[in-house]
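# Report on the structure
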Amino acid sequence: KNQVEQSPQSLIILEGKNCTLQCNYTVSPFSNLRWYKQDTGRGPVSLTIMTFSENTKSNGRYTATLDADTKQSSLHITASQLSDSASYICVVSEASGYALNFGKGTSLLVTP
Amino acid sequence: KAGVTQTPRYLIKTRGQQVTLSCSPISGHRSVSWYQQTPGQGLQFLFEYFSETQRNKGNFPGRFSGRQFSNSRSEMNVSTLELGDSALYLCASSLRSGTSLSSYEQYFGPGTRLTVT
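What this report covers is the structure whose coordinates are included nearby. (Residues numbered from 1 in each chain as written. Chains lettered and ligands numbered in written order. Predicted model: local features only at pLDDT ≥ 70, side-chain atom pairs only at ≥ 80, totals over all residues. Heavy atoms only, no water.)

In this section: the overall build of chain B. Scanning chain B for helices and strands turns up zero helices and 11 strands. The secondary structure elements of chain B, listed N-terminal to C-terminal, are β-β-β-β-β-β-β-β-β-β-β. Radius of gyration (C-alpha) of chain B: 13 Å, near the 13 Å computed for a compact globule of 117 residues. When its C-alpha atoms are laid out on the principal axes, chain B stretches across 40 × 30 × 25 Å. Here chain B holds 117 residues, and the buried ones make up 50% of them. In chain B, once contacts between residues fewer than 6 apart in sequence are set aside, the share between residues at least 24 apart is 56%. Per element, the accessible surface of chain B, about 5,400 Å² overall, is 48% carbon and sulfur. Taking the 12 positively charged and 6 negatively charged side chains of chain B as two groups, their mean positions are separated by 3 Å. (Helix = DSSP H or I, 4+ residues; strand = E, 2+ residues; numbered from the N terminus. Rg over C-alpha atoms; globule rule 2.2 N^0.38 Å. Buried < 20%, exposed > 50% of the residue type's maximum accessible area, 1.4 Å probe, protein only. Contact = heavy atoms within 4.5 Å. Areas by Shrake-Rupley, 256 points an atom, 1.4 Å probe, with all protein chains shown as cover. Lys, Arg positive; Asp, Glu negative; His and termini not counted. Charge placed at Lys NZ, Arg CZ, Asp CG, Glu CD.)

What follows is the structure, given as structure tokens:
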């Protein structure tokens with residue numbers, strides 16, 4: 001069964017600090033991996049998308065990495081801001097067709 | 001360009017009732033997908049419509065149904081509501097026209113928060 005596991009489940013950091021969120025998956029065959037940010041009361045917004053051949057992708061202070069061999073991805077947030085407080089969801093797509101496999105998300109709280 | 005809109009934003013229903021949620025996709029997007037999001041299960045795929053036809057369906061009971069109109073607007077219906085149906089229902093639209101959704105960016109609406117009492 002294709003699965004996407006995210007860790008930690010929740011995280012609290014001080015404003016200005018860096019943090020790294022993890023995503024491990026068993027999805028096969030693999031098509032791409034996306035990281036979404038979901039603010040409270042809002043729908044998810046795409047941060048990055050990576051295919052098999054890409055091992056890093058940046059979007060401002062967000063940098064995603066992908067190791068397709070070990071089936072692991074991470075999302076690194078640099079110099080965190082209060083507005084980074086949100087849920088971060090990892091989504092892995094199957095190459096065979098439609099299916100999107102969602103992680104349950106990491107809830108990040110950035111405190112002053 | 002306006003984003004995906006969903007109405008209503010909040011809804012309270014009692015067990016046994018039925019509910020209809022509405023989604024208007026981004027102009028030009030013909031694919032609309034629906035998701036259920038709960039704290040315990042995360043995001044789960046309900047179904048996808050393209051050009052008024054249901055293309056894919058998730059593992060949900062038949063109480064969950066949907067349809068899409070010629071202007072790409074979509075509605076989702078849940079009949080005989082149960083307490084466990086309380087969730088955030090998200091709609092996403094994309095430019096997808098082929099068979100593989102995974103290649104296309106999905107744009108999510110703000111969701112409809114359904115509470116069943």
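So that's the structure; there's more coming.
Right, let's get into the sheet that holds strand 3 (residues 19-24) of chain B. All names here are of chain B. Taken in spatial order, the four strands line up as 1-3-8-7 in an open sheet, and their pairing is antiparallel. Each edge of the sheet is formed by a strand with only one pairing partner; in this case those strands are strand 1 (5-7) and strand 7 (64-68). For this sheet, the mean angle separating the axes of adjacent strands, direction not counted, is 20°. Two strands pair when backbone bridges link them, and strand 7 and strand 8 (residues 74-78) are joined in this way by five bridges, in the antiparallel orientation. Paired with Phe-64 across the strands is Val-78, a residue of strand 8. (Pairing = 2+ DSSP bridges. Axes fitted to C-alpha atoms, helices over the stretch in contact; angles between N-to-C directions.)

So, about the environment of Ile26(B). Along the chain, Ile26(B) falls in the loop between strand 3 and strand 4 (31-38). For the pair Ile26(B) and Tyr49(B), spaced 23 residues apart in sequence, the C-alpha separation works out to 14 Å.

Moving on to the state of the cysteines. In total, this model carries two disulfides over all chains according to the counting rule given. Each sulfur of the disulfide joining Cys23(B) and Cys91(B) lies 1.7 Å from the other. Of note, the bridge from Cys23(B) to Cys91(B) carries an S-S torsion of about -50° and is left-handed in sense. Linking Cys23(B) in strand 3 with Cys91(B) in strand 9 (residues 87-94), this pair joins segments that are 68 residues apart in sequence. Using a relative accessible area of 0% as the deciding quantity, one classes Cys23(B) as buried. Not engaged in a disulfide, the cysteine Cys19(A) finds its nearest cysteine sulfur in Cys23(A); these two sulfurs lie 15 Å apart. The exposure class assigned to Cys19(A) is buried, which follows from its relative accessible area of 6%. (Disulfide = S-S within 2.5 Å.)

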